[in-house]
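# Examining the three-dimensional arrangement
What follows is each chain in one-letter form.
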Amino acid sequence: MDSLEILTRFKDGTLERRQALELLAGAPDTLEAPDAPAVPRVLPVPSVAPAAPAVRPEPLASADPPADSPSAGWCAVVGLQGRWPGADGPEAFWEAELRARGAAVRESVPGGVDAVGPERVGADPGEAARMDSRERLLLSGARQVLEGAGYAGARLDALTGPDGERRSVGVFTAAGAARLSRILDLRGPSQDIDTGPSSFLTALHLALGALRAGECAAALVAATEPGAGGTTAVLLKPLGAARAAGDVVHAVVPASAVGHPGRGAHPALRDRLRRRALRAAGTPAAQVQVEEDGYGAGAGGAGQAAATALTRAVLQLRHATLLPGPGRPRPAVWEAGRAPEGGTLPRTVLVGVHAPDAQHAVVVLREPDPDPSPVARAPGEDDGGPHLVLLSAATPGHLAATAERLAAWLTDRERVTGRGTPGVPALAAVARELRLGRAALECRLALVAYDTSQLAAALAAFAARSGSEDPPDGPPVHSADLRDPPAEPLLLAGLPETRAYVDALWEGRRFEQLIRLWLAGVDVLGAGRTHLVGPVTELPPSAAWPRGAQT
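Below or above, wherever it landed, is the structure these notes cover. On a predicted model such as this, the values are computed, not experimentally measured, just so you know.

### Some points on the packing of helix α15 (residues 496-507) against helix α16 (residues 511-519)
Axis angle and axis distance: for two packed helices, these are the angle between their axes and the distance between the axes, and together they describe the pair. Contact pair α15 / α16: the axes reach a minimum separation of 8 Å and the direction vectors enclose 140°. Viewed along their axes, α15 and α16 adopt a mutual orientation that is oblique. Crossing of α15 over α16 shows left-handed handedness. On the side of α15, the interface is formed by Tyr501, Val502, Leu505 and Trp506, while α16 contributes Gln513, Leu514 and Leu517. Looking at the contact of α15 with α16, its residues break down into six nonpolar, one polar and no charged.

### Section: the nonpolar core
If you look at the biggest cluster of nonpolar residues, it comprises 44 residues, and the most contacted ones within it are Phe200, Leu201, Leu204, Val221 and Leu365. Filtering out sequence-adjacent residues up to four positions away, Val221 remains in contact with Phe172, Phe200, Ala203, Leu204, Ala207, Thr232, Ala233, Val234 and Leu236. Counting 31 residues, the second-largest nonpolar core is a separate cluster that includes Ala142, Val145, Val171 and Ile183.

### A closer look at the packing of aromatic side chains
If you walk through the whole model with that rule in mind, you get one aromatic pair. With a centroid separation of 4.8 Å and an interplanar angle of 50°, the aromatic rings of Trp84 and Phe93 are classed as tilted. Lying across the ring of Trp506, Arg435 places its NZ or CZ 3.9 Å from the centre. Lying across the ring of Trp518, Arg444 places its NZ or CZ 4.2 Å from the centre.

### Digging into a positive patch on the surface
A surface patch of like charges, here positive, comprises Arg272, Arg275, Arg276 and Arg279. By the element assignment, Arg279 lies in helix α10 (residues 269-281). The class of Arg279 is exposed, set by a relative accessible area of 63%.

### What about the side chain of Thr498?
Relative to the helices and strands, Thr498 resides in helix α15. If near-sequence neighbours (up to four positions away) are discounted, Thr498 is found in contact with Leu492 and Val522.

### Remarks on the pattern of salt bridges
The final tally for this structure, using the stated rule, is 19 salt bridges. A salt bridge links Asp247 to Lys237; the shortest N-O distance between them is 2.8 Å. Highlighted residues: Asp247 in the loop between α9 (239-245) and β7 (251-259) and Lys237 in strand β6 (residues 230-238), separated in sequence by ten residues. Like Lys237, Asp247 is buried. For the salt bridge of Arg347 with Glu367, the shortest nitrogen-to-oxygen distance reads 3.0 Å. Note that Arg347 is positioned in the loop between β10 (332-333) and β11 (348-353) and Glu367 in the loop between β12 (360-366) and β13 (387-393), a separation of 20 residues in sequence. One network of salt bridges, in which partners are shared, links Asp157, Glu165, Arg167, Asp185 and Arg187.

### Overview of the side chain of Gln513
Within the secondary structure, Gln513 sits in helix α16. Excluding residues within four positions of it along the chain, Gln513 makes contact with Tyr501 and Leu505.

### Remarks on the packing of helix α12 (residues 396-415) against helix α14 (residues 452-464)
It is at 8 Å that the axes of α12 and α14 come closest, and there the two elements cross at 145°. Both α12 and α14 take part in a crossing whose hand is left-handed. Within the contact between the two elements, α12 uses Leu399, Ala400, Ala403, Glu404, Leu406, Ala407, Leu410, Thr411 and Glu414 and α14 uses Thr452, Ser453, Leu455, Ala456, Leu459, Ala460, Phe462 and Ala463. Residue composition of the contact of α12 with α14, by class: twelve nonpolar, three polar and two charged.

### Some points on unusual backbone geometry
Located in the positive-phi region is Arg167, a residue other than glycine, with phi close to 55°. By the element assignment, Arg167 lies in the loop between α6 (154-158) and β3 (169-173). Looking at Arg167, the relative accessible area reads 15%, which means it is buried. Positive phi is not limited to glycine here, since Arg509 has a value of about 55°. Tracing the backbone through its elements, the reader meets Arg509 in the loop between α15 and α16. Using a relative accessible area of 13% as the deciding quantity, one classes Arg509 as buried.

### Thoughts on the sheet that holds β13
Strands sit in the order β13-β14-β15 across an open sheet of three strands; the sheet is antiparallel. Two strands in the sheet have a free side with no partner beyond their single neighbour: β13 and β15 (478-481). Across this sheet, the average inter-strand angle for adjacent strands is 15°, counted without regard to direction. Here strand β14 (residues 443-449) runs beside β15; their pairing, made up of four bridges, is antiparallel. Bridge pairing links Ala446 to His478 in β15. The strands that helix α13 (residues 427-436) touches are β13 and β14; relative to β13, the one it contacts most, it runs at about 40°.

### What about helix α5 (residues 133-149)?
When the terminal C-alpha atoms of α5 are compared, their 24 Å separation across 17 residues agrees well with the 24 Å that a helix rising 1.5 Å per residue should span. With a side-chain oxygen lying 3.2 Å from the backbone nitrogen of Arg134, the N-terminal cap of α5 falls on Asp132. Positioned one or two residues after α5, Gly150 has a phi angle of 85°, which is positive.

### Things to note about α14
Taking 1.5 Å per residue, 13 residues should reach 18 Å; α14 reaches 18 Å between its end C-alpha atoms and fits that length. Of all the residues in α14, the buried ones are Thr452, Leu455, Ala456, Ala458, Leu459, Phe462 and Ala463. Buried residues of α14, seen end-on, are gathered within an arc of 165° and therefore sit on one face of the element. On its buried face, α14 is in contact with β13, α12, α13, β14 and β15. Near the N-terminus of α14, the side chain that reaches the backbone nitrogen of Ser453, with its oxygen 3.1 Å away, is that of Asp451.

Calculation notes
Residues numbered from 1 in each chain as written. Predicted model: local features only at pLDDT ≥ 70, side-chain atom pairs only at ≥ 80, totals over all residues. Heavy atoms only, no water. Axes fitted to C-alpha atoms, helices over the stretch in contact; angles between N-to-C directions. Helix = DSSP H or I, 4+ residues; strand = E, 2+ residues; numbered from the N terminus. Parallel < 35°, antiparallel > 145°, perpendicular 65-115°, else oblique. Left-handed = near helix turned anticlockwise from the far one by under 90°. Contact = heavy atoms within 4.5 Å. Nonpolar A, V, L, I, M, F, W, Y, C, P; charged D, E, K, R; others polar. Core = buried A, V, L, I, M, F, W, Y, C linked by side-chain atoms within 4.5 Å. Buried < 20%, exposed > 50% of the residue type's maximum accessible area, 1.4 Å probe, protein only. Phe/Tyr/Trp six-rings, centres within 6.5 Å; stacked < 30°, edge-to-face > 60°. Lys NZ or Arg CZ within 6 Å of the ring centre and 35° of its normal. Patch = residues over 30% accessible without salt bridge, like charges linked within 9 Å, V, L, I, M, F, W, Y side chains within 5 Å. Areas by Shrake-Rupley, 256 points an atom, 1.4 Å probe, with all protein chains shown as cover. Salt bridge = Lys/Arg side-chain N within 4 Å of Asp/Glu carboxyl O. Lys, Arg positive; Asp, Glu negative; His and termini not counted. Charge placed at Lys NZ, Arg CZ, Asp CG, Glu CD. Pairing = 2+ DSSP bridges. Expected span 1.5 Å × (residues − 1). Polar contact = N/O pair within 3.5 Å; in protein donor to acceptor, adjacent residues only side chain to side chain. Arc of directions from axis to C-beta.

Written out as structure tokens, the structure reads:
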């Protein structure tokens, strides 16, 4: 009995999952790669003993803190991505700000506005062509922050709001929120906000309110400055839910406040909003050690300045380092304050926008406390065996650029040491994150690796030889371009039998069969919901533009 017959009998119910696994172990392989485009031959994968079935997670207790808890209603920044003048991504922004010595960085944004072409935004060609540069930049930033936070694939599908709606993410932007929600299939509230220079912080204020009201499970806040090509996007979740899911918490947002000065000047409004926000956060004014001004500071114009100020605040909290600024010409270690009763106080920042004749806004940010009950690692994370790594992108050029970016990130992690710098994640965690935190796109890659060094080398070699037929060194990297669907599709998508079959392949670690299905167009990423247990592993998002000129 060959693999195709086993699959057919499994789908029609004449074979149980255990029987199918046992037969697949010795069945001849008759599955064919897609006819067009041609897919490299999949070489035999090292034999791996079937793993024990994944343990189904126990139902989680309520993620919300008690109503009388000081942290009730607090939210967490679980994703932060963007492109700023002189910097592509938060890490590059941090390095640029460390070197700025108090002067605003006013270089051009890497790649410029036109770097995010219509093929990257994920809309159909007709709609993509109608989108202006601001909408393309916002959509690209939204995709990147969802990927960076681990919520662009199976986790997003499983992100359920209090009313039971899946993909429950609200969108709050200066413009184009409805289109962004529709293209990304985000089903929370969707709102455009225009309050002038304070638009970004006002959008964040409204997003916090939506989360506290139970209108969505997560909220995406984004801003852009088309003239400079800059974009900032953050993803927020209730703090308790973020902790329960094992999200990376970059900063905590206890409270915010907004208000308009009305007719004429209102010099007392700034202090009034400041006191209101700190009172709601339960934070004494003496605990605030840094204030970031989001009006006219930084680069990218007033619309992006508030987002830049918030980015500075989050990164200073994350690195426990004070950036150069007024009165501080050099970076400095941020020593935590001492509490009167002993111990340390959480580092706290105020971000504000106080523009004349426009709405004022203040946001309180503080560093997260150590998680008292961190989410355990996923089953099999320390098994030491080989793991299947799957990657996809919109075009071959984007796939090569994304592979190159991930390879460089893994290599840098092996070299970098020092306080506050995360180490190299386990290969199992990387493979699992790419599977659960990314959407399945048309241009695909697959390989089996034994460690992150081997993975980084294989991805770098794939990117370097993109478009060439030179044989690679190390483990084979298989790829396929599915932008032109085959004349006879497999017709497996969406079938419950297909999901059950793919679940069985994952449980049995049948990597060769999974590779063939992946390269033939089957979405094997979201199968096996039991694999959703475990913490999020922070990885760099996909590249926003293709490697070189290839598309």
